[in-house]
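Letter by letter, the chains look like this.
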Amino acid sequence: MIPCPTADEGPIAAMRNVDFSYDDGTEALHSVTLDVWRGEHIALVGGNGSGKTTIAKLLNGLLRPSRGHVLVKGNDAAKESVAALSRTVGYAFQNPDHQLFCSTVAEEVLFGPKNLGFADAKAVEKADRALSLMSIGHLKDKAPLSLSLGDRRRVSVASVIAMDPEVLVLDEPSTGLDAGEAAELMRALDGLNQEGKTIILITHEMRLVAEHSERVLVMAHGHVVLDCRTRVAFSEPEALHESGLIPPAAIQLAHRLSDFGVSPEVLTVDELAEEVAKVWGARI
Amino acid sequence: MGCQNMTGFVDLYSEGGTFLHRIDARVKIVAVLFLSVLAFLLSNVYSLTLLLAFIFILLFLARASLSRTWFALRFVIRFMVLIVVLWPIFDPSGTPVWATFGPVKITEPAVWRGVTSAVRVGCLACVWYILMFTTSQRDLVRALVKMGLRFDFGLALAISLRFLPTFSATIDSIKDAERARGMELDKGSLLKRSRNYVAILVPTIVSALRSADTLSLALHSRAYGARADRTYLREPKMRRQDAAALSVVIALLVVPVFFKFVLGVPL
Amino acid sequence: MESQAESEPSPVASPEPAKFVSPKTVALYGILAALTAAITIASYLPFSPTKGYFNLGDSMVFFSALAFGCRAGAICGGVGSAAADVLLGAGVYAPVTLVAKGGEGFVAGLISRSGRGKNWAVVLGIAAGGALMITTYFMAEWLFLDVGFGKALAEVPINVAQVALGGTIGAGLTHLIRKSYPSLLKG
């Protein structure tokens, strides 16, 4: 469910008319305005170079807007350091190798919570929880960069989860994972979402978006071109097509079958099967 | 920010169509060497200033952007100021004495010697920019190989120049990743900051050494070393204007040397 | 035997087989030199942890020397550091740097390897290499570039700090990587 904004609590993170250009003149974002509410499960999608990662880095202060404001918990992020913002917005980088440097997985996951000043016992507790959520407890004493890509990815996500941020931004976390590993990662993220964490998933995999996210933000050339519930986004695939995004096979099939009375508003294979069964009156 | 783009990588070269861009890189390398030798041979502050002015005219003709020039000149100006300031303090010889601060005597000849040395260092530093502003790294490596650098060493050099921006980008990205996990890179004592730096270096080095492994396999699979007489597809060729430029460069060295050492003109 | 030789006609076989160094060495040296240059530049820029007062390139010179020996230390340290000088706009120092940092890497690698990488040999190697580097810069600035005794002397404390920090970091890195990723240092 998309939580409704309540009077006493504003969005946990927001952007107001944000422009951003890199030093070399590349204009990455044009007048982006968006609200992220506590407990949402958002997918940030769009072609390469459309500004997804720039949004993520603006939310935790790694980049500062050229114009406009980024608000985190209602406060202007411009006044906060990255370290302070990282308590609220955790960001797992696209390339896991760029954030692993300790000599063991255990140290790696402890690094963030220790930086945030948690007492030892508390930090270890948070680290252990993150390790078990990512089911990599057994790798504790291994050197992070010696692990397989899938495991390195999970260590890098665990090291952000361990900091216990309210908003988790994950930059293409499923890249390099096999189907089983990706499904397991998404289950863990859904679990965190159930506990009230806000998840922002940057991804190219529309199937993960359809199956897990409640809201979709579509980016194209530095603009937010679509911001709506996932079901609505996939029921009108034209806007997606314009941004170079192709809905997952189940949804495409549902659209093709809509002439036969199948509702095109399905998201998953299971829902499609149900629809088909309803229309043809047979059990599948 | 000048010639430093979003990845923190520094490259002084910018594309352009000036005659300095078109001249054979070997001629430019020879020019840098000869003008450097000339700077060492000249000892008169006026002739050195003239040489510096000549180098600046060439830089102007190279049409480098102002920010690029300023980025490069920052370093030179710092050197020059330090030389002028420090020289008289450590050299009390000569008269007249301009000022005395306790044991330190500032004398006129010492100040002039400092200025002369600063201008010479300015020449030596700026002459490089003529080459670096107008020559791509690819042309530079090819010219060096043509001038006798072994092909395999040239390849190693080309590889390192090719990976330099990649590693600069990696370092930046790792810095961001550490900051996103609450590390404050530029806070604390020098020792603490250096410890933070190790956190950046480990992943950089590990990923770099991994790419070295992959790269050596790629070199193997593309028949590296099969022939010693390997050539490039686009061999640099000396054209008429290159020969003309080369003779100008030679004259630039020979004429002042003739005037100074044969005719005894105090240059 | 002869027929066997004939059965292997190779279109690329050279009349004069290349006496190049192995591809692994070319790749490794190229990468190490690039790393040295990248780290020198990154730590020299004004927003780096050292705020532009000095650079931490020596850490990579020492790492190359301690992890891969004197030849790697000399070539990668010299070429990488000189390339950084040229790119940063300090090309006037490039020839001096080539000799000073190359010598630093060579000596550090030689001494630490002949002492079989024992702690005393590493410390001695870094100290000797560093001393050579500092002396080379001082003499070159004073006598060759003729920038004056004062300016040459002013560089010495900066270089001492660079060697102390760079040596500590370089030795630490070598130890850490040898312990955690031993397979990477075989070469």
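Residues numbered from 1 in each chain as written. Chains lettered and ligands numbered in written order. Predicted model: local features only at pLDDT ≥ 70, side-chain atom pairs only at ≥ 80, totals over all residues. Heavy atoms only, no water.

K.L.:
Could you give an account of the overall build of chain A, naming the residues involved and the relevant values?
P.N.:
Counting secondary structure elements, chain A contains 11 helices and 10 strands. Whereas a compact globule of 284 residues would reach a radius of gyration of roughly 19 Å, chain A reaches 20 Å, a difference of no more than 12%. Referenced to the eigenvectors of the C-alpha coordinate spread, the extents of chain A come out at roughly 60 × 45 × 40 Å. A buried classification covers 55% of the 284 residues belonging to chain A. Taking as baseline every contact in chain A between residues at least 6 positions apart, the subset at least 24 positions apart corresponds to 62%. Summing over all exposed atoms, chain A offers an accessible surface of approximately 12,300 Å²; the carbon and sulfur share of this is 51%. (Helix = DSSP H or I, 4+ residues; strand = E, 2+ residues; numbered from the N terminus. Rg over C-alpha atoms; globule rule 2.2 N^0.38 Å. Buried < 20%, exposed > 50% of the residue type's maximum accessible area, 1.4 Å probe, protein only. Contact = heavy atoms within 4.5 Å. Areas by Shrake-Rupley, 256 points an atom, 1.4 Å probe, with all protein chains shown as cover.)

K.L.:
A description of the layout of surface pockets should follow, citing residues and the corresponding values.
P.N.:
Approximately 1,200 Å³ is the volume found for the second largest pocket. Those elements giving two or more residues to the lining of the second largest pocket turn out to be helix 2 (25-41), helix 5 (108-134), helix 6 (137-146) and helix 7 (151-180) of chain B together with helix 2 (23-44), helix 4 (70-88) and helix 5 (94-114) of chain C. If one sorts the elements of the lining of the second largest pocket by residue count, helix 4 of chain C sits on top with seven residues. Split by residue class, the lining of the second largest pocket holds 34 nonpolar, six polar and one charged. (1 Å grid on protein atoms, 1.4 Å probe; cavity = no way out; pocket = protein on both sides within 12 Å on 5 of 7 lines; lining within 4 Å. Points joined across faces, edges and corners; volume = space filled by probe spheres on them. Nonpolar A, V, L, I, M, F, W, Y, C, P; charged D, E, K, R; others polar.)

K.L.:
Can you break down the domain arrangement of chain A residue by residue, with the values?
P.N.:
Residues and elements named next belong to chain A. Taken domain by domain, chain A consists of domain 1 (1-88 + 165-245), domain 2 (100-161) and domain 3 (248-284). Taken together, the nine residues of domain 1 in the interface contact eight residues of domain 3. Interface area for domain 1 against domain 3, summed over the two sides, is near 780 Å², with a carbon-plus-sulfur share of 68%. A per-residue breakdown of the area domain 1 buries against domain 3 is headed by Ala-210, Arg-231 and Phe-234, which together make up 60% of the total. In this structure, the connection of domain 1 to domain 3 is made through one salt bridge. Close ionic contact of Glu-271 with Arg-231 constitutes a salt bridge, the shortest N to O distance being 3.1 Å. (Domains from an automatic or database assignment. Buried area = accessible area lost by both parts, 1.4 Å probe. Salt bridge = Lys/Arg side-chain N within 4 Å of Asp/Glu carboxyl O.)

K.L.:
How would you explain the pairing of strand 1 (residues 13-21) of chain A if you had to name every residue and give the values?
P.N.:
If a strand is regular, its side chains alternate between the two faces of the sheet. Residues and elements named next belong to chain A. Alignment of strand 1 against strand 2 (residues 27-36), held across six bridges, turns out to be antiparallel. Paired with Val-18 across the two strands is Val-32, which belongs to strand 2. Hairpin remark: strand 1 followed by strand 2, antiparallel, with five residues in the connecting loop; positive phi at Gly-25, about 95°. Note that strand 1 and strand 4 (residues 67-72) share five bridges and pair antiparallel. The residue of strand 4 that forms the bridge with Ala-13 is Val-72. (Pairing = 2+ DSSP bridges.)

K.L.:
Hey, could you go over the sheet that holds strand 1 of chain A for me, with residue numbers and the actual values?
P.N.:
The strands making up a sheet associate through hydrogen bonds between their backbones, and the pairing can be parallel or antiparallel. All names here are of chain A. The four strands are arranged 2-1-4-5 in an open sheet whose pairing can be described as antiparallel. One side of each edge strand has no neighbouring strand; the edge strands of this open sheet are strand 2 and strand 5 (75-76). Strands strand 1, strand 2 and strand 4 of the sheet are contacted by helix 1 (residues 52-59), whose axis makes an angle of about 120° with strand 1. (Axes fitted to C-alpha atoms, helices over the stretch in contact; angles between N-to-C directions.)

K.L.:
Got a sec to walk through the interface of chain B and chain A? Specific residues and values, please.
P.N.:
With 20 residues of chain B at the interface, the matching set in chain A holds 27 residues. Each partner contributes to the roughly 2,100 Å² buried at the junction of chain B and chain A, and carbon and sulfur atoms together form 61% of this total. At the surface where chain B touches chain A, the tally comes to two salt bridges. Residues Glu-108 of chain A and Arg-181 of chain B are paired through a salt bridge, measuring 3.1 Å at the closest nitrogen-oxygen approach. The interface formed by chain B and chain A contains four residue pairs in polar contact (both at pLDDT 80 or more). No other element matches helix 7 of chain B, which puts eight residues into the side of chain B that touches chain A. Of the residues belonging to the side of chain B that touches chain A, the class tally is 10 nonpolar, four polar and six charged. (Polar contact = N/O pair within 3.5 Å; in protein donor to acceptor, adjacent residues only side chain to side chain.)

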